[in-house]
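Spelled out, the chains give:
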Amino acid sequence: MALAGENIHRSATLRLPDGRSTSLQGRELRCPACGSTAIGKPWAHLANFDIENCPDCSCLHLAPLPDPDALRLLYQSSYFQDERETHGYSDYAAEQANVRRTYEKRLRKAARLLSSSACSAADSLRVHEVGAALGYGLPVAQKVFGGRVSASDISAEAVRACASMGFESSLADTYGRCALKDASIDALYLFDVIEHLTNLPLFLDWSAQALRPDGILVFTTPDMTHPINKLLGVRSPSIKIPQHVIYFTRWVLDRLLKPRFEPAFHCWDWQWVSLGQLASRIRMILGVSAISAKRSPRAILVPNGMRLFVYRRTASGRAAITQDG
Ligand SMILES: [Zn+2]
């Protein structure tokens with residue numbers, strides 16, 4: 001058995017479909033949350049990357065940042081069928097029913113906030129998912145919100161999968177942005193994505209331009225104050241190298257999202273997982289490599305070290321603050 005540091009969700013090397021390998025390490029030393037280039041206090045060293053504490057915004061972040069071109073390769077098809085779980089999911093398709101149940105639970109909480117604000121009529125509501133992956137959550141969003149649901153993803157294969165389900169779909173850049181910029185979106189959601197973005201200010205500028213005033217930004221992300229993360233530290237399943245480049249806390253997020261967004265709701269997140277997927281997480285915590293687990297259709301609801309956040313776009317939020325990069 002190999003140590004987790006050499007295997008599950010922790011590797012600086014990407015194995016390509018043709019058998020070659022490429023390094024995921026870039027050279028940029030910058031906080032992906034606030035842009036600061038000040039050297040932070042080291043928190044951990046894993047798979048040749050440091051995790052540092054930014055002296056300006058207090059986020060934990062990866063240093064150096066992964067190479068953007070290598071990251072784009074990482075999120076292509078093998079990300080959803082990564083048997084050894086070096087970076088991706090062992091079998092994302094097998095978790096389809098659990099992804100949908102988890103999405104429904106989250107989106108129903110967010111939808112309550114939208115209906116209490118001055119939103120568009122239900123039949124003209126516009127909802128957009130960033131990082132929609134294979135589109136499993138899109139029918140759920142359609143059911144919960146109604147209206148027009150669209151999607152974007154960094155992976156061309158994911159965009160094709162969402163389009164084949166009948167949803168308007170577009171390719172996102174490495175910062176999570178797509179062509180939508182017309183302040184027409186009522187609800188923008190992204191689950192387990194924001195911690196992957198290497199330039200948060202650029203994403204926030206774009207999302208403030210895509211959302212209408214009072215529209216909601218809904219996301220889940222690991223919160224380092226969660227009891228699971230505090231207890232497990234570097235062994236937490238929240239620590240994924242190099243996919244997760246930022247590790248937030250609620251207080252840091254509230255500060256970083258001002259003045260474009262104001263907090264509307266937050267709660268600890270729970271998700272439905274199969275017993276096989278749960279066994280994989282336990283192996284990661286224990287530090288042993290992925291070994292084949294018997295697939296089981298049974299699923300349970302577990303805490304996942306994350307928080308569900310809903311922020312509301314402020315009236316002044318549309319003014320871009322960050323220079324495009
Ligand atoms: Zn920072």
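Located above this text is the structure these notes cover.
Figured I'd write up the structure that's included with this text. (Residues numbered from 1 in each chain as written. Predicted model: local features only at pLDDT ≥ 70, side-chain atom pairs only at ≥ 80, totals over all residues. Heavy atoms only, no water.)

## Some remarks on the coordination of the zinc ion
Part 1 of the reasoning: With distances of 2.3 Å, the protein atoms coordinating the zinc ion are C31 (SG), C34 (SG), C54 (SG) and C57 (SG).
Part 2 of the reasoning: With four donor atoms in place around the zinc ion and angles of 105 to 114 degrees between them, the coordination shape is tetrahedral. (Donors = N, O, S within 2.8 Å, 3.2 Å for Na, K, Ca; no water. Tetrahedral: all angles 85-135°; square planar, octahedral: opposite > 155°, others 65-115°.)

## Observations concerning the pattern of salt bridges
Part 1 of the reasoning: In this structure the tally under the stated criterion is eleven salt bridges.
Part 2 of the reasoning: A salt bridge links R108 to E104, with the shortest nitrogen-to-oxygen separation between them at 3.0 Å. Of this pair, R108 and E104 both sit in helix α2 (residues 96-115), four residues apart, which is roughly one turn of the helix.
Part 3 of the reasoning: Under the relative-accessibility criterion, E104 is labelled partly exposed at 21%.
Part 4 of the reasoning: E104 is the partner of K143 in a salt bridge, and the nearest nitrogen-oxygen pair spans 3.0 Å. You can see K143 sitting in helix α3 (residues 138-145) and its partner E104 sitting in helix α2, a full 39 residues away along the chain.
Part 5 of the reasoning: With a relative accessible area of 53%, K143 lands in the exposed category. (Salt bridge = Lys/Arg side-chain N within 4 Å of Asp/Glu carboxyl O. Helix = DSSP H or I, 4+ residues; strand = E, 2+ residues; numbered from the N terminus. Buried < 20%, exposed > 50% of the residue type's maximum accessible area, 1.4 Å probe, protein only.)

## Focus: the nonpolar core
Part 1 of the reasoning: Ranked by size, the top nonpolar core spans 45 residues in total, and within it A33, I51, L217, F219, F248, L256 and L257 carry the most contacts.
Part 2 of the reasoning: The leading source of residues in this core is helix α5 (residues 200-210), at six residues.
Part 3 of the reasoning: Setting aside residues up to four positions removed in sequence, L257 forms contacts with L204, L217, F219 and Y311.
Part 4 of the reasoning: L125, V127, Y136 and Y189 belong to the second largest nonpolar core, which has 30 residues in total. (Core = buried A, V, L, I, M, F, W, Y, C linked by side-chain atoms within 4.5 Å. Contact = heavy atoms within 4.5 Å.)

## Some details on unusual backbone geometry
Part 1 of the reasoning: With omega at -5 degrees, the peptide bond leading from A63 into P64 counts as cis.
Part 2 of the reasoning: Tracing the sequence through the fold places P64 in the loop between β5 (60-63) and α1 (68-74).
Part 3 of the reasoning: With an omega dihedral of 0 degrees, the bond running from I241 to P242 counts as a cis peptide bond.
Part 4 of the reasoning: One can find P242 in the loop between α6 (227-232) and β11 (246-247).

## With respect to the environment of S207
Part 1 of the reasoning: Examined against the element boundaries, S207 turns out to sit in helix α5.
Part 2 of the reasoning: Here the alpha-carbon distance between S207 and A183, two residues 24 residues apart in the chain, equals 8.9 Å.
Part 3 of the reasoning: Setting aside residues no more than four positions away along its own chain, S207 makes contact with L188, L217 and F261.
Part 4 of the reasoning: At a separation of 3.2 Å, a polar atom in the side chain of S207 contacts the main-chain carbonyl oxygen of L204. (Polar contact = N/O pair within 3.5 Å; in protein donor to acceptor, adjacent residues only side chain to side chain.)

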